[in-house]
Amino acid sequence: MGAAGLPWAALWALLLPLVAADEGILHASGSGVPPVTKDYCIIYNSSWVSLPKTLDNATFTPLENLTSTVLCSSAEVPSGLMKDKAVVVMSGNCTYLEKARIAQSLGAKMLLIASKSRLSAISDNKTDFEDVTLPIALIRYNDIVDMQLVFGNEVNVTLYSPPLPEFDYSMVVIFLIAVFTVALGGYWSGVAELENLKAVASPGERETRWKKEENVTFTPVTVILFVVICCVMLVLLYFFYKWLVYVIISVFCLASAMSLYNCLAALIGEIPFGQCRITCSNKTIEVRLIFLAIFCIAAAVVWAVFRNEDRWAWILQDILGVAFCLNFIKTLKMPNFKSCVILLGLLLLYDVFFVFITPFITKNGASIMVEVAAGPFGNSEKLPVVIRVPRLEHSASTLCDLPFSLLGFGDIIVPGLLVAYCRRFDVQTRSSSIYYISCTIAYAVGMVLTFVVLALMKMGQPALLYLVPCTLITSSLVAWRRKEMKKFWKGSNYQMMEHLDYTGNEESTASATEQPGGQ
């Protein structure tokens, strides 16, 4: 996959999941000595029942597995079987409260309703069931199966809902990864720009540099087309996720392997050792680069095979993801601040529309962005377009949702393209990195602001809502303060001058060649 394929791979990088529900924990304990314990996710309605916040003085109840019935009639279970027990039945055929009324009349102390589909918030008309005081909770059917495998038929359970942690320290890791990637990507883009400028002054080196260059430049028209394609592909993913998710996984493997190779090859190129070469078809290549290519392909394949292994696959996904973002920021060039404003502005509207507006359009009232990011319709495969870090604080969310803090690639790449432009502009105008440093700091401030709002609102946020204003406003203020706004807005004419100079040299060479023949 060449550089031109990178924008298409990045279409999938503009997602950030959001989650909200009444979540709790079912704490199960076996009968052994010492007893084996394990926690499971439950969903409950906090307006129906109030769960304790800790396990202190918890009362355990024996669990009776009745998943062979849906409990829509008291005749479905033998008399006395539920007395003073927690019971688990299957969902379906009647409402939650109807099941609870039957279980309560038969002496049950707790009702668990097992579901084979994704757990959703419990809602029902409580008006006609004021007499029902039994604790009700939804639980995954797979968790009931796991409970039987772990504990056998003798298991005691209790429910509790620990408070959400004030701050998840995995966010610090996410912050460091994001700022590091944006800063390094912008710096790398500046290094490439400096090499281009040197090549302009050296005619012999310029042609070699042009052949090696694999950059893609986004014009305003290209930017608009890119955003339109993003919108179309997100809608297609919403309706055809089951098939397209594997296309995205395949594209990510190819793009990330190529990106990892480009990143590591740039580092290896600075090492003066091991430069042994082999010749094939009149072309020479360094042996170490062949081994590097094999390593990068192997890394992508290993991730693809073990991508659902939560214990360590996230590390490999993050490494591949950082490499992808770095290569994309370095490879794709924004020609001027005007294109940056159009790109960041349109993607901000894209983010806000698909997160906050689409719930008023969809039949189930869910955000298209959220559904696609989380895997719609209970699909277990997830899009590999996020940096993932395991949550470090124990809470119900670590059981019920993905036990990871997430940041979409788009929240790194999109502002990163502006940071890269600022760095190139610094190089072109010799402005001592003021634009680059200011924009990078603004990105870090935007990330902090995102995390603050996340902590206050207790739900996922579209990070571009905070990153775009911070970076665009800061860059504009620096340009205005330095009285370079016009040049910053239109961009340096270096690329056009380079092209004209190169063309002029070719014409001069051609004329000089023809002149002796004419004489």
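Structural notes, computed from the coordinates. It should be emphasised that the depicted structure is a prediction, and the values quoted were computed from it without experimental measurement.

What counts, and at which threshold
Residues numbered from 1 in each chain as written. Predicted model: local features only at pLDDT ≥ 70, side-chain atom pairs only at ≥ 80, totals over all residues. Heavy atoms only, no water. Core = buried A, V, L, I, M, F, W, Y, C linked by side-chain atoms within 4.5 Å. Buried < 20%, exposed > 50% of the residue type's maximum accessible area, 1.4 Å probe, protein only. Helix = DSSP H or I, 4+ residues; strand = E, 2+ residues; numbered from the N terminus. Contact = heavy atoms within 4.5 Å. Pairing = 2+ DSSP bridges. Disulfide = S-S within 2.5 Å. Axes fitted to C-alpha atoms, helices over the stretch in contact; angles between N-to-C directions.

Glancing now at the nonpolar core. What tends to happen in soluble globular proteins is that the nonpolar side chains get buried as a cluster. Of all hydrophobic cores here, the largest spans 91 residues; its most connected members are M334 and L343. With 19 residues, the top contributor of residues to this core is helix α6 (residues 220-268). Discounting chain neighbours no more than four positions away, the residues touching M334 are F218, V223, S339, C340, L343, L417, Y421 and R424. If you look at the next biggest cluster of nonpolar residues, it comprises 24 residues, including L71, V87, A103 and L138.

Attention now moves to the pairing of strand β13 (residues 404-408). Remember that side chains alternate between the two faces of the sheet whenever the strand is regular. The element β13 is largely enclosed, with a buried count of 5 among its 5 residues. Of the two faces of β13, the one carrying F404, L406 and G408 and the one carrying S405 and L407 are both buried. Taken together, the 5 bridges between strand β12 (residues 386-390) and β13 define a ladder with antiparallel strand orientation. The partner of P390 across the bridge, within β13, is F404.

Take the environment of V287 next. Relative to the helices and strands, V287 is located in helix α7 (residues 287-305). Sequence-wise, V287 and Q275 are 12 residues apart; in three dimensions their C-alpha atoms are separated by 7.3 Å. Not counting chain neighbours up to four residues away, the residues in contact with V287 comprise C276, R277 and I278.

With the rule as written, the count across this model stands at 1 disulfide. Across a sulfur-sulfur distance of 2.1 Å, C72 and C94 are joined as a disulfide pair. Because the sign of the S-S torsion sets the handedness, a value of about -95° for the bond joining C72 and C94 places this disulfide among the left-handed ones. Of this pair, C72 sits in the loop between β3 (61-65) and β4 (86-90) while C94 sits in the loop between β4 and α2 (96-105), and the two are 22 residues apart along the sequence. Relative accessible area serves as the criterion here: at 17%, C94 is assigned to the buried category. This cysteine, C439, is not joined by any disulfide, and C422 carries the nearest cysteine sulfur, 4.1 Å off. You can call C439 buried: its relative accessible area is 0%.

What follows covers the environment of P165. Along the chain, the position of P165 falls in the loop between β7 (156-160) and α4 (170-201). Residue classification places P165 among the partly exposed positions, given a relative accessible area of 26%. When the C-alpha positions of P165 and E393 are compared, they lie 6.8 Å apart, and in sequence the two are 228 residues distant.

The subject of this paragraph is the sheet that holds strand β1 (residues 23-29). Whenever strands of a sheet pair, they do so through backbone hydrogen bonds, lying parallel or antiparallel. Strand order around the closed barrel formed by 7 strands is β1-β2-β6-β5-β4-β3-β7, with mixed pairing between neighbours. Going from strand to strand, the sheet's axes swing by 40° on average, the running direction of each strand aside. Bridge count for β4 against strand β5 (residues 110-115) is 5 bridges, and the pairing is parallel. Across the sheet, the residue bridging to V88 is L112, located in β5. The strands that helix α3 (residues 141-151) touches are β1, β2 (37-43), β3, β4, β5, β6 (136-140) and β7; relative to β2, the one it contacts most, it runs at about 165°.

This paragraph deals with the side chain of S29. If you trace the backbone, S29 turns up in strand β1. Among the residues examined, S29 registers a relative accessible area of 12% and is labelled buried. Those residues in contact with S29, other than ones at most four positions away along the chain, are P35, V36, T37, F60, F151, V155 and N156.

The buried fraction of β6 is high, at 4 of 5 residues. Pairing geometry for β2 and β6, over 2 bridges, is antiparallel. Residue I43 lies in a different strand from β6, and its bridge partner there is L138. Both β5 and β6 contribute to a ladder of 5 bridges, which runs parallel. Bridging across to β6, I113 finds its partner in L138.

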